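Residue strings, one per chain:
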Amino acid sequence: MNILIFIFLLLLVLSLTDFMFLRQRRLHDTIYKIAFFATYFLFTTKYYYGGDIALYVPFYENVGNMFQQLKWGIPFDDYFEPGFWIFCSLMKTFGLSFWMMTVVISTFYFYVIYQLFKKIDSYKTFALFVLVIIDFNLMFAEYRQSLAVCFF
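Let me sum up the structure you'll find in this document. (Residues numbered from 1 in each chain as written. Predicted model: local features only at pLDDT ≥ 70, side-chain atom pairs only at ≥ 80, totals over all residues. Heavy atoms only, no water.)

Here Thr93 is to be found in helix H5 (residues 82–93). On the basis of relative accessible area, Thr93 is assigned to the partly exposed category, the value being 22%. Here the alpha-carbon distance between Thr93 and Gly64, two residues 29 residues apart in the chain, equals 7.7 Å. (Helix = DSSP H or I, 4+ residues; strand = E, 2+ residues; numbered from the N terminus. Buried < 20%, exposed > 50% of the residue type's maximum accessible area, 1.4 Å probe, protein only.)

Below, the structure is given as structure tokens:
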């Protein structure tokens, strides 16, 4: 079974509890936290996935140490935004692999979503399900766009 279909089905089942046990606030909060952690974990463990992976990996592997690059000038690529180049160069400076860089992006994205969902009083699991259905590609394969959403 495809991991995306597994995530969709898991969130569908867990989001149904938002409508079944209407007066069980603690149960809803617990299920939401389980659903959120499972979603975060499953989307973060992806490994070399996406249509743009053929562009992202060589770009990341060729980005140099940030301090060395600043010394010689920043060679901004026409395809990637300067902010993404700086982010990748910073991650490369810390010695992170491409996969660890995607973990950082995913963690940042889900942290922002978690903070945003704190403002929702009820039906959080259903809201998470709707967000995943609408934006699954952003969470799964679009690294630059995910960073842009976080900063927005």
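The tally for this structure, following the rule as stated, stands at 19 aromatic pairs. Relative to Phe36, the ring of Tyr32 has its centre 5.8 Å away and its plane inclined at 50°; by these criteria the two rings are tilted. With Tyr32 and Phe36 both in helix H2 (residues 25–44), this residue pair falls four residues apart, about one helical turn. Taken together, a centroid distance of 6.4 Å and an interplanar angle of 45° make the contact between Phe126 and Phe129 tilted. Note that Phe126 and Phe129 are positioned in helix H7 (residues 124–140) at a spacing of three residues, about one turn of the helix. Looking at Phe126, the relative accessible area reads 32%, which means it is partly exposed. (Phe/Tyr/Trp six-rings, centres within 6.5 Å; stacked < 30°, edge-to-face > 60°.)

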